[in-house]
Amino acid sequence: MSKRLSTTVLGVAVLSLVTFGLPATASAAQHTKAERTVTDVIPAPVEAKADPRANFRLNPATVIRTDRDGRQVGEYLAGLLRPATGYRLPVVTGHRGGGPAISLETGHASDRVGTEGYQLKVSSSGVSLRAKTDKGLFSGVQTLRQLLPSAIEATTVQKRSWVVSGGTVLDYPRFGYRSAMLDVARHFFTPAQVKLYIDQIAQYKINTLHLHLSDDQGWRIEIKSWPKLATVGGLTAVGGGPGGYYTQEQYKDLVAYAASRHITVVPEIDMPGHTNAAQHSYAELNCDGKPIPARTDIEVGYSSLCINKDITYTFVDDVLRELAALTPGKYLNIGGDEAHATTPEDYQTFAKKVQPIVAKYGKQITGWHDIAKTNPPVSAVPQFWGTTGTDANVAAAAARGNKILMSPANKAYMDMKYHPQTPLGLSWAGLIEVKTGYDWDPATYLQGVTEQNVIGVEAPLWSETLVTSEHIEFMAFPRLPGYAEIGWSPKDSRTWDAYRLRLAKQSPRWVQQGIDFYRSTQVDWQ
Ligand code: TNX
C-alpha cells in the first residue's frame, strides 16, 4: 500500500534491532499453526489443497529468487513482506545462494493457467510460484500474501513467527475483465487516494480500474487543447467543495502505478449527457453559445452536448485524441448514460459521429449499456447497469457479438446503501447487503446474455456522497472482494455459506491495513 510502502525504510532500519533483540527461546517461533490455509483464499482458487505438514516459515535468511521476467513482482513481494517481518528478503536473480527461498518463475507452468493464472506450492523447504507471465506471478503473490498471518500487513516490525500455510494451488480466472470504477467527478480524489484504492483492489486480483473523469459537477483531466476544462471545469464538486483535476503528468503516473499492480486504467469521458462542467467551461459548446452556471447538485439527465454544431465534434476529437495518447490500454469509455436531454434521433447521430473517432485513435469503445441501442461495432463493450433481468438492446448487442460487462446496479453498485441507516450512499437501485452483492451470477442475470457473451464484472463506486478515502473504504469493503470472486472463481465453487466464513477471516487484514469497513451482521467477523 502506498500508506504502507512509505514505512519500508523504517522497517529495514529496525531490522538489526529485531533480529538480534529476539529472546533466545523465541516462543513465537514454536506455534506453527497457520491462521488461514489455501482453501480460505479470496477469490477462491480453481484448485487448492491444504497440507498442514508442509508449512513454510520465513526467516531472516529467506531470499526471494526470480528470473528476469519475475524481478519486478519479486520486488513488489519484498515490499509487502519487509515492513512487518523486518527481514532483508533480498530479491536475487538466478540460482545464486542456497538458503530457503520464495521462488518466482515464469514459463514452465501448466497451460491451464493462461496469462493471469499461476501454480503455487508451499512446502517446508520453500515456496515455489510459477506462471506463464509476470501478470500470473502477480496473481500468485496476492494468494501467497493471504497465506501469511494478517499481521504481515502491519506497517511496523512485529515480533512473531511468519508461517506460510502449506499446500498447492492451481489457479486462473473465469473472466479476463475484472474491474472497479471510481467516480472522481462528483468528488475529486487525489492521486495518492487513487493509488491507495489501486492497492486495495489489487489484492483481490482486480485487473481494471475505470475512472469516471467527467460529469456535470466536475472535469478531472487536463486537456491541453481545451485548458479551461480542467482550470474552470475542475473547480467544482458535489455540494460546492473545491474540486480538483489531474495534470497529464499526474495521470500518466497514476496509469503507471496501476500498471505496476497489473491494473489497466480505462478512462471515461461521459457524453453526450453529464456534460455540464464542460459546457460551463466553454460557452461555445452550448447550442445558443451563451455561458451556463456550474452545477454542484446531484440531479441527472439535464445536460447535453449540442449535437448539430461542428465544434462539438472538434471538442470530442481533441479530448479523445489526448486521452488515447495517455492510455496504454485498448479501451476508451465514452459514457452514454442517462442522456435524457438528448433526443433519440440526436443520440443516434452523435453515436455515429463519435464511434469512428475512438477507432481513429486506435482504441475500442466501452460505455454504459445505453450505447447498445446505437448498433456499435462488435468490438464495443456495453456495460450493463440495469436492475432487471431483461434488456432487449443489450441482448441484441450480445447476439451481434458484442461482449457485455456486467454491473447490475441492484447487485454491483457499491454506492448503494447496505441498509436504510447506512450513513453514506444512495438507494435508487435498492439496498445491497453483503450477501445480495455476492449471491448472483453474471452469466445468468440477464436474458440473452450467457457465459460466452460476458467479458467480465465491474463494481462501480459513484461518489455523490463520498468525500474521503474512509468513505470509499466503507462502501467498498466488505463488498468488493465478493465482486472480485464473482469475476475470478469458478461458478460452481461459490456458495454464500462458505464465502461468509472466508470473508470473516479477511477482516484482521483490513484492520492492519487501516481499511475502514462495514461490519455487516451477516458475517461473524474475527
Ligand atoms: C446513475 S449508473 C448514474 C450515475 C449516478 C449513479 C448513482 C449510471 C450509468 N449513471 O450518474 O452517479 O446512478 O448511483
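Going by the structure above, here's the rest.
Residues numbered from 1 in each chain as written. Predicted model: local features only at pLDDT ≥ 70, side-chain atom pairs only at ≥ 80, totals over all residues. Heavy atoms only, no water.

A.B. asks: Would you explain the overall build of the protein in this entry?
C.D. replies: Each helix and strand in the protein was counted, giving 18 helices and 19 strands. Compactness check: the protein gives a C-alpha radius of gyration of 24 Å against a globular reference of 24 Å for 526 residues, within 12% of the reference. By its C-alpha atoms, the protein is 80 × 45 × 45 Å across when sized along the principal axes. Per-residue burial for the protein yields a buried fraction of 61% across its 526 residues. Element-wise, carbon and sulfur atoms account for 56% of the exposed surface of the protein, whose accessible area totals about 19200 Å². Of the charged side chains in the protein, 54 are positive and 50 negative, and the gap between their average positions amounts to 8 Å. (Helix = DSSP H or I, 4+ residues; strand = E, 2+ residues; numbered from the N terminus. Rg over C-alpha atoms; globule rule 2.2 N^0.38 Å. Buried < 20%, exposed > 50% of the residue type's maximum accessible area, 1.4 Å probe, protein only. Areas by Shrake-Rupley, 256 points an atom, 1.4 Å probe, with all protein chains shown as cover. Lys, Arg positive; Asp, Glu negative; His and termini not counted. Charge placed at Lys NZ, Arg CZ, Asp CG, Glu CD.)

A.B. asks: Is there a simple way to think about the pairing of strand β9 (residues 167-171) in this case?
C.D. replies: On any regular strand, side chains alternate: one points to one face of the sheet, the next to the other face. Counting buried positions over the 5 residues of β9 gives 4, a clear majority of the element. Strand direction decides the pairing type here: strand β1 (residues 47-50) and β9, joined by 4 bridges, are antiparallel. When the bridges of β9 are listed, lysine 49 appears paired with threonine 168. With 5 bridges joining them, strand β6 (residues 118-123) and β9 adopt antiparallel strand pairing. Along β9, the bridge assignment pairs glutamine 119 with leucine 170. (Pairing = 2+ DSSP bridges.)

A.B. asks: Help me understand the sheet that holds β9 in this model?
C.D. replies: To summarise the sheet geometry, strands pair through backbone hydrogen bonds and adopt either a parallel or an antiparallel arrangement. Read from one edge of the open sheet, 7 strands run β1-β9-β6-β7-β5-β3-β4, paired in mixed fashion. Both outer strands of the open sheet, β1 and β4 (91-93), are each paired with one neighbouring strand and no more. In this sheet, neighbouring strand axes are inclined to one another by 15 degrees on average, regardless of whether the strands run parallel or antiparallel. Two strands pair when backbone bridges link them, and β6 and strand β7 (residues 126-131) are joined in this way by 5 bridges, in the antiparallel orientation. In the sheet register, serine 123 faces β7, and the bridge partner there is glycine 126. Its contacts with the sheet put helix α4 (residues 71-85) on β3 (63-66), β4 and β5 (101-106), and the angle it makes with β4 is roughly 160 degrees. (Axes fitted to C-alpha atoms, helices over the stretch in contact; angles between N-to-C directions. Contact = heavy atoms within 4.5 Å.)

Function cannot be inferred from these measures alone, as they are strictly geometric.
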